[in-house]
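# Descriptive analysis of the structure
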Amino acid sequence: MPPAGISTSSSITLHVNGEKYSLPVDHRTTLLDALRERLDLTGTKKGCDQGQCGACTVLVDGRRTVSCLQLAVAAEGREITTIEGVADGDELHPVQQAFVELDGFQCGYCTPGQICSALGVLQEHAAGWPSAATEDVRPEAGPPPLTPEEIRERMSGNLCRCGAYVSIVRAVAQAAESAKEPVA
């Protein structure tokens, strides 16, 4: 029991997929549990619950986050994007479309986290952030080529038990290429 007068819960507002949700939460509630259990956004999956598999990856302020390790109270006021918020209505995001076209999934359990991670990878790459596989990390070198090795390194925090890695790498590469194409 907490000392008298100390509360272990708060009412918070989460900004998820362009919507605001106010909800009371215990201070120990993870963002993953708030999304799945309180907001019924079950696309984000609970895998290891230890931040090692990436199945729970969402975007917080555009950056990849394993939601099983982030407390919901720490996400208050930040922009959260889950797999449910990636498509534009019935039109799939280019990353989602590439996963479908290139069979970047088998059972599909890890796919929401893979797609959210891929979105973060593409943003990080476009911003010029190096990875452990980047040969020239000097800022003036600009973004490295998005080679399969570079994609594998950047996506390494997301595990796929089915082993669809080859198709996932191809899907991320295709989405990166489609992002470069001018819109008509």
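Presented here is an overview of the structure given in this document. As the structure is a prediction and not an experimental result, all values here were calculated from the model. (Residues numbered from 1 in each chain as written. Predicted model: local features only at pLDDT ≥ 70, side-chain atom pairs only at ≥ 80, totals over all residues. Heavy atoms only, no water.)

Here D61, not a glycine, exhibits a phi torsion of approximately 55°, which is positive. On the secondary structure map, D61 appears in the loop between β3 (57–60) and β4 (63–66). Of note in the backbone geometry, D103 takes a positive phi value of approximately 50° without being a glycine. Topologically, D103 is positioned in the loop between α2 (94–101) and α3 (111–126). (Helix = DSSP H or I, 4+ residues; strand = E, 2+ residues; numbered from the N terminus.)

What follows covers the nonpolar core. Ranked by internal contacts, the top residues of the largest apolar core, which has 24 residues, are V95, F99, I115, M155, I168 and V172. Those elements giving two or more residues to this core turn out to be α2, α3 and α5 (165–180). Those residues in contact with I168 that lie beyond four places of it in its chain are F99, G104, Q114, M155 and C160. Counting 15 residues, the second largest nonpolar core, distinct from the first, contains L31, L39, A72 and I80. (Core = buried A, V, L, I, M, F, W, Y, C linked by side-chain atoms within 4.5 Å. Buried < 20%, exposed > 50% of the residue type's maximum accessible area, 1.4 Å probe, protein only. Contact = heavy atoms within 4.5 Å.)

On to the pairing of strand β1 (residues 9–16). Direction of pairing for β1 relative to strand β2 (residues 19–26): antiparallel, over a ladder of 8 bridges. Across the sheet, V16 pairs through a bridge with E19, a residue of β2. Alignment of β1 against strand β5 (residues 79–81), held across 2 bridges, turns out to be parallel. Across the sheet, the residue bridging to H15 is E79, located in β5. (Pairing = 2+ DSSP bridges.)

Between α2 and α3, whose axes approach to 10 Å, the crossing angle comes to 130°. When the interaxial angle is binned, α2 and α3 end up oblique. Between α2 and α3 the crossing geometry is right-handed. Residue-level contacts link V95, Q96 and F99 of α2 to T111, Q114, I115, A118, L119 and L122 of α3. Per-class residue counts for the contact of α2 with α3 are 6 nonpolar, 3 polar and no charged. (Axes fitted to C-alpha atoms, helices over the stretch in contact; angles between N-to-C directions. Parallel < 35°, antiparallel > 145°, perpendicular 65-115°, else oblique. Left-handed = near helix turned anticlockwise from the far one by under 90°. Nonpolar A, V, L, I, M, F, W, Y, C, P; charged D, E, K, R; others polar.)

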